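# Fold and contact review
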Amino acid sequence: MPQPTERRTALAQLARTAAVALPAVLAGAVVTPATAQRSGTLLDALLLILRVEWLQEAFYSRLLTAPTVVPAAIQPDLALIRAQQQQHVALLENVISTSGGVLPTRPTYDFTGSHGQTTPSLFPDVFTSADTALAVAQVLEDFSVRAYQGQLASLMSNNDLMDLVVRMYAVEGRHAAHLRRLRQQRGASVKPWISGTDGDGPIPPATAPIYAGEGQLEQLATVSVYPPVKTSLVALLPTLPVLTDAEQKAAATEAYDEPLTTAEAQRIMALFVI
Amino acid sequence: MPEASSLSTAALSRRTFLGSAGVLTATAMLLTACGDDPVKPATGTPGLELGSGDAGLLSYVFLLKRFATGFYQAALTTPAADLTAADLAILRDVNRHEIIHREMLVQVFQKNSLVDAPTIGLLQGVAFTYPTATFTITTRQGVLAGARLIEDLSVAALAGTAKLVTSSVVYFPLLMKMLAVDSRHAATMRDLVQPGSFAGPDAVASTGSQAGLNQILTPAAALTELNKYTNGVILTGNSLPTT
């Protein structure tokens, strides 16, 4: 990470000419110096999202390297997902670089979660068991949806960047649902959406942090009331047909995905970095 | 078990009442006198002109959600015979999520005095139609293809609202939470219609400068799509934010 002065100077210089160098979809989607120089805002949001995409791209690339444990029938699906992650990486790297941001070095990953065999493995058979591989893939996609969501508000000052990132975010949700469907077809008890906290994920307790906080039965409705008053989602369901308590709560928690904070996202990514 | 019998009789009567285009215009004209309602009548043709700012945007999303729940209600009342138990479980889940989205918006309208009661009634009175050419609810493939259209539309439309919403406290996060789940719905419906199509090129560009990006729709474009299914009532959003 460059020093603040370097950050500011580079961004101030490059942001002025950035638009002409960008493909049409990125024109205007540059980080302005005024916001980029402050931490916790635009540039930091983009860098965090880029790290999420790097993590996923590295996972699929390793997973699809021959000989792969992935059954032939679903290799095309994972190849499509990887291609879309690579497209996201390229777009994000482009906009960060063009805006004068300095790309960090890509981390080295250990998807067994053992940090290069320095700690006990969380997913020892990640590349030798198809079930574990797909479970980790699902976890990374659900993580991506929640991590993106946590960063979106930081982009509200830039319309073009918001358009760009929110369109990637929607693609992450599609990937997550598909991974869940693939696992369901192999016998896993999982829906396309996160229900409650999904039993702490497919491989508890290692996967619990990715699902913590997903079991919200209430959402904030009021903008200006203090203390904030939340609305019960169960109460919004119709009285007919009669649903069981479990069905009502499942629907309430499934209806909304919840954001992860920057700190939570960083802690989860650290599970996979050497 | 019909999942769909959720609307009260009162709501259904109101819908029938307002479904007449002429009445709708008359009702809308009454509202003109109220001043700064988020929904105003369009002049001439029967229709609804959505308001401005976040109130108008959330009203627009509310109509999208009503369009979705109306479809699932119709599809689940007498489910197509060839829908599997697994299909039905998914459709019921999605219907419940969409009802929660829809009714949460009503809560937001009410609790923030964002949209007043007569206007909410007007929005609830728009009678969506599901013509069989597009929404063949008597067959599995027809139901799922209809759901796919609705969920893909919802994802693209919600993506388009991200830059337009101004309140970061409740409105923006709520819409983005809905968007994530709707993208899960869309991918699932696509996979049910055609396995492996969860992020196919008609939903996520595969080539060119937009490769890897989901479709995105402006409110104007999504309203044009919705207007195919409003029985002649023209929804317009001339005051909605565009930047």
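Residues numbered from 1 in each chain as written. Chains lettered and ligands numbered in written order. Predicted model: local features only at pLDDT ≥ 70, side-chain atom pairs only at ≥ 80, totals over all residues. Heavy atoms only, no water.

## Some words on the overall build of chain B
Cut-off, in case you're wondering: Here a strand is any run of E in DSSP of at least two residues, a helix any run of H or I of at least four, and the numbering for each starts at the N terminus. Think of it in three bands: residues with accessible area under 20% of the maximum for their type are buried, residues over 50% are exposed, and the middle band is partly exposed, with areas taken using a 1.4 Å probe on protein chains only. The Shrake-Rupley method, run with a 1.4 Å probe, gives the accessible areas here. Residue values count only the displayed protein chains as cover.
Counting its secondary structure elements, chain B contains eight helices and three strands. Counting over 243 residues, chain B shows a buried share of 60%. On chain B, roughly 8500 Å² of surface is accessible, and the fraction owed to carbon and sulfur atoms is 59%.

## Considerations on the environment of Tyr229(B)
All names here are of chain B. Definition in use: Contact definition: two residues touch when any of their heavy atoms are within 4.5 Å.
Looking at where tyrosine 229 falls in the secondary structure, it is placed in the loop between helix H8 (219-226) and strand S3 (234-236). With 162 residues separating them in the primary sequence, tyrosine 229 and phenylalanine 67 have C-alpha atoms 8.5 Å apart. Aside from chain neighbours lying at most four places away, what touches tyrosine 229 is Phe67, Ala127, Phe128, Thr129, Pro131, Thr134, Phe135 and Leu149.

## Quick notes on the pattern of salt bridges
Under the convention used in this document: Salt bridge, as used here: a side-chain nitrogen of Lys or Arg that lies within 4 Å of a carboxyl oxygen of Asp or Glu.
Counted according to the given criterion, the structure contains 21 salt bridges over all chains. With its nearest N and O atoms 2.6 Å apart, the salt bridge here joins Glu258(A) to Lys177(B). Placement of Glu258(A) in the loop between helix H8 (245-254) and helix H9 (262-270) and of Lys177(B) in helix H7 (residues 171-193) is noted, with the two residues assigned to different chains. Exposure class is identical for Glu258(A) and Lys177(B). Each is buried. Between Glu225(B) and Lys228(B) there is a salt bridge, with the nearest N and O atoms lying 2.9 Å from each other. Residue class for Lys228(B) comes out exposed when judged on its relative accessible area of 52%. In this structure, a network of salt bridges that share partners links the residues Asp142(A), Arg180(A), Asp198(A), Asp257(A) and Arg184(B).

## Re the interface of chain B and chain A
Basically, it comes down to this: Put simply, buried area is how much 1.4 Å-probe accessible surface two parts lose in total, over both of them, once they are put together.
Contacts between the two partners involve 64 residues from chain B and, on the opposite side, 61 residues from chain A. Taken together, the two surfaces of chain B and chain A that pack against each other cover about 5300 Å², and 64% of this comes from carbon and sulfur. At the surface where chain B touches chain A, the tally comes to six salt bridges. Residue Lys163(B) pairs with Asp163(A) through a salt bridge whose shortest N-O separation is 3.0 Å.

## Observations concerning helix H3 (residues 42-63) of chain A
Note the cut-off: A helix is expected to span 1.5 Å for every residue after the first.
Between its terminal C-alpha atoms H3(A) stretches 32 Å, which fits the 32 Å expected from 22 residues at 1.5 Å a residue. Of all 22 residues that make up H3(A), 18 are buried, and the element is covered over most of its length.

## A look at helix H3 (residues 53-77) of chain B
Taking 1.5 Å as the rise per residue, H3(B) with 25 residues should run 36 Å; its terminal C-alpha atoms sit 36 Å apart, in good agreement. Among the 25 residues that make up H3(B), 22 are buried, leaving the element largely enclosed by the rest of the structure.

## A few points about the environment of Arg140(B)
Residues and elements named next belong to chain B. Secondary-structure assignment places arginine 140 in helix H6 (residues 140-161). The spatial distance from the C-alpha of arginine 140 to the C-alpha of valine 193 is 8.9 Å, given a sequence separation of 53 residues. Ignoring sequence-local partners within four residues, the contact set of arginine 140 consists of Ala80, Asp82, Leu83, Asp87 and Leu192.

## Remarks on unusual backbone geometry
With omega at 0°, the peptide bond leading from Pro204(A) into Pro205(A) counts as cis. Mapping Pro205(A) onto the fold places it in the loop between helix H6 (159-185) and helix H7 (208-211). The amide bond that connects Leu240(A) to the next residue, Pro241(A), takes the cis arrangement and shows omega of -5°. By the secondary structure assignment, Pro241(A) is in the loop between strand S2 (230-232) and H8. Despite not being glycine, His115(A) shows a phi value in the positive range, around 50°. Turning to its location among the elements, His115(A) is positioned in the loop between helix H4 (75-98) and helix H5 (130-152). Judged by relative accessible area, which is 24%, His115(A) ranks as partly exposed. In this structure, Asn231(B) takes a positive phi of about 60° despite not being glycine. Turning to its location among the elements, Asn231(B) is positioned in the loop between H8 and S3. You can call Asn231(B) exposed: its relative accessible area is 51%.

## Regarding the confidence of the model for chain B
Where we set the bar: Every residue is assigned a pLDDT by the predictor, reflecting its confidence on a scale from 0 to 100.
The pLDDT averaged across chain B works out to 86; a share of 81% of its residues lies at or above 70. In the model, residues 4-37 of chain B has pLDDT below 50 throughout and makes 45 contacts with residues more than four positions away in sequence or in other chains.

## Re the side chain of Asn158(A)
Note the cut-off: In protein, a polar contact means a hydrogen-donor-capable atom and an acceptor-capable atom, both N or O and within 3.5 Å, with residues adjacent in sequence counting only if both atoms are side-chain atoms; elsewhere, any N or O pair within 3.5 Å suffices.
Here Asn158(A) shows up in the loop between H5 and H6. A polar side-chain atom of Asn158(A) sits 2.9 Å from the main-chain amide nitrogen of Leu161(A).

## Focus: the nonpolar core
Worth spelling out the cut-off: Residues enter a nonpolar core if they are buried and are Ala, Val, Leu, Ile, Met, Phe, Trp, Tyr or Cys, with the set joined through side-chain atoms within 4.5 Å. Those domain boundaries reflect an automatic or database domain assignment.
Ranked by size, the top nonpolar core spans 148 residues in total, and within it Phe59(A), Leu78(A), Phe111(A), Phe143(A) and Tyr60(B) carry the most contacts. Counting residues per element, this core draws most heavily on H3(A), which supplies 15 residues. When residues of this core are assigned to domains, at least three map to each of domain 1 (4-214 + 261-270) and domain 2 (215-256) of chain A. The residues touching Phe111(A), leaving out its near neighbours within four places in the chain, are Leu55(A), Ala58(A), Phe59(A), Phe123(A), Val126(A), Phe127(A), Leu140(A) and Phe272(A).

## Section: the packing of helix H4 (residues 85-111) of chain B against H6(B)
Residue and element names in this part refer to chain B. Put simply, the test is: Geometry is summarised by axes, namely lines fitted to C-alpha atoms with helices restricted to the contacting stretch, and by angles between N-to-C directions that run from 0 to 180 degrees. When describing relative orientation, an angle under 35 degrees is termed roughly parallel and one over 145 degrees roughly antiparallel, while 65 to 115 degrees is termed roughly perpendicular and anything else oblique. If you view the pair so one helix is near and one far, a crossing is left-handed when the near helix is turned anticlockwise from the far one by less than a right angle, and right-handed when it is turned clockwise.
In contact at an axis separation of 12 Å, H4 and H6 are set at 30° when each is read in the N-to-C sense. Put simply, H4 runs roughly parallel to H6. Every pair of crossing elements has a handedness; the one defined by H4 and H6 is left-handed. Between H4 and H6, the residues in contact are Asp87, Leu91, Val94 and Glu98 and Arg140, Val143, Leu144 and Glu151, respectively.

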